[in-house]
Amino acid sequence: VAKLKSRGVSPVCYINAGAWEEWRPDAGEFPDSVKGTNLDGWPGEKWLDIRNIDALKPVMEKRILMCKEKGFVAIDPDNTDGWTQYTGFNITRADQVRYQKMLSEIAHNNGMAIGLKNDVEQIGDMAPYVDFAVNEECHKYKECGVYEPFLASGKPVFNIEYGPYSDQVCKTTPVGMVTVFKDLELGRFHREC
């Protein structure tokens, strides 16, 4: 992280904010009552009941503080779209916004930026509370245009396309959006528009 910062890079810390992962060092800090259904295609992960902020806030706060202590400048909270998924819980749009606002408050109170990961349906709800957005495959899912008002407000959007480089994707990427191409395993392959 220090080496990246010395090169002028602003390192962003990934945290799984919406799902429990059995291999994380803090896995034992999550009560069973907040663990829901398995994430489809991701063995060892279960959706979290983000309505239970009292149980989740201390764990998420520790994760964000760990990122800060390591020198990261921003948080990339993943799996924050539980309200659109089968989680085993009755999570509403308002529940999701309340949880994500809590995450934003923790990050901002600790001098860190925070993004909105995917969850394009909540860009309008979350725009006042986040500093950037990260999307995975907005071209594939035909949702890049949804970010244009967000970009127009001066907030950056980072898009990741999994697969080979495409001139057509680059030509149709909204002005201001950064698109990179990676393989799904996040190996060495990297190319950007």
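All figures in this text were calculated on a predicted structure; none of them were measured in a lab.

Can you explain the state of the cysteines? Please cite residues and give values.
Across all of its chains, the model carries three disulfides by this definition. Disulfide partner of Cys13: Cys67, at an S-S distance of 2.0 Å. Residues Cys13 and Cys67 are joined through a disulfide that is left-handed, its torsion about the S-S bond being -50°. With Cys13 in strand 1 (residues 12-16) and Cys67 in helix 2 (residues 53-69), this residue pair connects regions lying 54 residues apart in the sequence. Both residues of the pair, Cys13 and Cys67, count as buried.

Describe the pairing of strand 3 (residues 35-38), with residues and values.
Here is the key point about a regular strand: its side chains alternate between the two faces of the sheet. As paired strands, strand 3 and strand 4 (residues 45-48) are joined by two bridges and run antiparallel to one another. Bridge pairing links Lys35 to Leu48 in strand 4. Joining the antiparallel neighbours strand 3 and strand 4 is a turn of six residues, in which Gly41 adopts a positive phi near 85°.

Provide a residue-level description of the sheet that holds strand 2 (residues 19-21), including the pertinent values.
The sheet built from three strands is open, its strands ordered 2-4-3 with antiparallel pairing. Two strands close off the open sheet at either side, each with one partner strand: strand 2 and strand 3. This sheet shows a mean twist of 40° between the axes of neighbouring strands, independent of strand direction.

Run through the pairing of strand 6 (residues 113-117), naming residues and quoting values.
The buried fraction of strand 6 is high, at four of five residues. For strand 5 (residues 74-78) and strand 6, the ladder comprises two bridges, and the chain directions are parallel. Each residue of the ladder has a partner; that of Ile75, found in strand 6, is Ile114. As paired strands, strand 6 and strand 7 (residues 132-136) are joined by three bridges and run parallel to one another. Its bridge partner being in strand 7, Lys117 is matched across the sheet by Val134.

About the cut-offs
- Residues numbered from 1 in each chain as written.
- Predicted model: local features only at pLDDT ≥ 70, side-chain atom pairs only at ≥ 80, totals over all residues.
- Heavy atoms only, no water.
- Disulfide = S-S within 2.5 Å.
- Helix = DSSP H or I, 4+ residues; strand = E, 2+ residues; numbered from the N terminus.
- Buried < 20%, exposed > 50% of the residue type's maximum accessible area, 1.4 Å probe, protein only.
- Pairing = 2+ DSSP bridges.
- Axes fitted to C-alpha atoms, helices over the stretch in contact; angles between N-to-C directions.

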